[in-house]
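# Per-entry structural report
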Amino acid sequence: MSDPEIINLIRNEDSRGLSMVYEKFRNEFIHWIIKTYGTDPDDAREFYQASIVILYDNTMAGKLDSLQSSLKTYLFGIGKNLALQQLRLNHRKQKTGAEFYIKNYVLDNQEDKMKEEVNLEIISQSFSTLGEPCHELLSLYYYKKKSMEEISATLGYKNPETAKNQKYKCMERLRKIVFGTLHPSTYSTEPFTEE
Amino acid sequence: MNPNLHDIDLIHRYLDRSLSDEEKVNLEKRLKEEPEFNTLYREHQMLVQGIRYSGLQEKLNQLRVLESVLPETVHVEDKKRQIRLHSYWKPLLAVAASLALFVVLFFLWKKPVDHEQLFAQEFKAYPNIFEPIVRSDAQPINDRTEAFAAYEARDYQKAATLFKKLLQEKEEPGVLLLLGNANLILGNTSEARNNFITLINNFDEYDTQAKWYLGLSYLKDGDVKSAQLILQEVSNSEFSYASKAKELLKQIE
């Protein structure tokens, strides 16, 4: 199966795509990361899993639609960035799981990551308690990057505008759950600065 | 703080990147000058990040399930061994290993290989990575979702019945692979073989996996020659099953 075909499977949420990629490059990636960066085998597997998750997210965001390199080069590129990030953070002696790299990826270029990391766990837990259709709707929009037109069709709303209004309500519900329980001092209120 | 709807709307549109250039400049100015508005923005930004993290966490868990049934990479085992072996233990361990090998060889020589036992040692049911059962009220309940849920719950009898129904409607590689696994567990080896052979003949995907399980099905029935032939093919593949197949071939011999 060619790279564009695999990318297409992933984008269409056909789970065969991601599992195919996972099994295809697993051995080579893990051997390469151990050999190149002297990583512990268990850590190498965590790097690999985080890299595949990031690859998935980038695919869903359409970043691989006009991929110039091969899928393998792209995946190994993600792995290299994670390994360098790890070296920079000097956490080599400390065991860090795939969650650590995924959090850093989600919090891209943000300062004060330690505080935000705690928040991500709290928000993620609160999000899982959110009822339907809010859980599904917000997940489709912010995680699966679906358009309001697609969401409206999937969840059976009258039109995209109705889905959009529902999204506002759902976000407010989540905001109340999260920040109703989270003390302001546990999240940063530093003035926003555009990069 | 009681945010007004207009501010919330602005923030949503900013995060969705749907503001005009002028609106964007105005909003960024407000973010610098109005602490309350800034806090509201930060809250929404964190919520979006938390939702994305929650989804990616779920994806990571699915990968971990898949990883749990894949064979260890050979290099990983070597590395672990390297870490464990301190130099002063090496001579002692070498003697112990030779002795152990002698004992094992002696018993292997005395006792024929138990293929059923080898099967049990090597077989791990392939996980449902095709349609993971996720927490959502929006997921419809039908034969399809029931089949995958039964497989995940290890109710292989129910899963097999429902998978067969699904196959009558449409032939799918994932369903064939899981049905083959369910049949293997239920002891329906010849039916399992049919599933794997159909998968190998009719689809490009999951070829190595199907061959691996096909080899195991022959082993379970004691048809060593067929098992060896198939495992030989698997051992030449580029997938992680190759090293596992090589090891198993050595044990069968």
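Presented here is an overview of the structure given in this document. (Residues numbered from 1 in each chain as written. Chains lettered and ligands numbered in written order. Predicted model: local features only at pLDDT ≥ 70, side-chain atom pairs only at ≥ 80, totals over all residues. Heavy atoms only, no water.)

This part is about the packing of helix α1 (residues 5-15) of chain B against helix α3 (residues 35-69) of chain B. Residue and element names in this part refer to chain B. The contact between α1 and α3 brings their axes to 10 Å, and the two run at 50 degrees. Taken together, the axis directions place α1 and α3 in an arrangement best described as oblique. Once α1 is placed against α3, the crossing between them reads as right-handed. Across the interface between the two elements, D7, I8, I11, H12, Y14 and L15 from α1 touch F37, L40, Y41, H44, Q45 and V48 from α3. (Axes fitted to C-alpha atoms, helices over the stretch in contact; angles between N-to-C directions. Helix = DSSP H or I, 4+ residues; strand = E, 2+ residues; numbered from the N terminus. Parallel < 35°, antiparallel > 145°, perpendicular 65-115°, else oblique. Left-handed = near helix turned anticlockwise from the far one by under 90°. Contact = heavy atoms within 4.5 Å.)

Its place among the elements puts L47(B) in helix α3. When its relative accessible area of 0% is taken as the criterion, L47(B) is described as buried. For L47(B), the residues in contact, after removing those within four places along its chain, are I123(A), M171(A), L174(A), R175(A), V178(A) and F179(A). (Buried < 20%, exposed > 50% of the residue type's maximum accessible area, 1.4 Å probe, protein only.)

A few words on the interface of chain B and chain A. The interface is formed by 61 residues belonging to chain B together with 66 residues belonging to chain A. The interface formed by chain B and chain A includes 6 salt bridges. With a closest N to O distance of 2.8 Å, E99(A) and R64(B) form a salt bridge. One can count 14 residue pairs in polar contact (both at pLDDT 80 or more) joining chain B with chain A. Counting residues per element, the ones that place at least two in the side of chain B that touches chain A are α1, α2 (21-33), α3 and α4 (74-84) of chain B. Per-element accounting of the side of chain B that touches chain A gives the leading share, 26 residues, to α3(B). For the side of chain B that touches chain A, the class distribution of residues is 27 nonpolar, 15 polar and 19 charged. (Salt bridge = Lys/Arg side-chain N within 4 Å of Asp/Glu carboxyl O. Polar contact = N/O pair within 3.5 Å; in protein donor to acceptor, adjacent residues only side chain to side chain. Nonpolar A, V, L, I, M, F, W, Y, C, P; charged D, E, K, R; others polar.)

Right, let's get into the pattern of salt bridges. Per the counting criterion, the structure on display carries 29 salt bridges over all chains. In this structure, D207(B) engages K211(B) in a salt bridge whose closest nitrogen and oxygen atoms are separated by 3.1 Å. Placement of the pair is D207(B) and K211(B) together in helix α11 (residues 207-220), with a separation of 4 residues, close to one helical turn. We classify D207(B) as partly exposed; its relative accessible area is 23%. Overlapping salt bridges bring together R26(A), D42(A), R45(A) and E67(B) as one network.

This part is about helix α3 (residues 41-60) of chain A. Residue and element names in this part refer to chain A. Its 20 residues give α3 an end-to-end C-alpha distance of 29 Å, which sits within 8% of 28 Å, the value for a rise of 1.5 Å per residue. Buried residues dominate α3, accounting for 19 of its 20 residues. Following α3 by one or two positions, G62 adopts a phi angle in the positive range, close to 85 degrees. (Expected span 1.5 Å × (residues − 1).)

Before going further, it helps to spend a moment on the nonpolar core. Core analysis: the biggest nonpolar cluster contains 93 residues, and V21(A), L75(A), Y126(B), F163(B) and Y213(B) have the highest contact counts within it. Once residues lying within four places of it in the same chain are set aside, the contact partners of Y126(B) are E23(A), L66(B), Y151(B), L177(B), L178(B), N181(B), Y206(B), Q209(B), Y213(B) and Y241(B). Core analysis: the next-biggest nonpolar cluster, separate from the first, contains 22 residues, L130(A), Y142(A), L174(A) and L47(B) among them. (Core = buried A, V, L, I, M, F, W, Y, C linked by side-chain atoms within 4.5 Å.)

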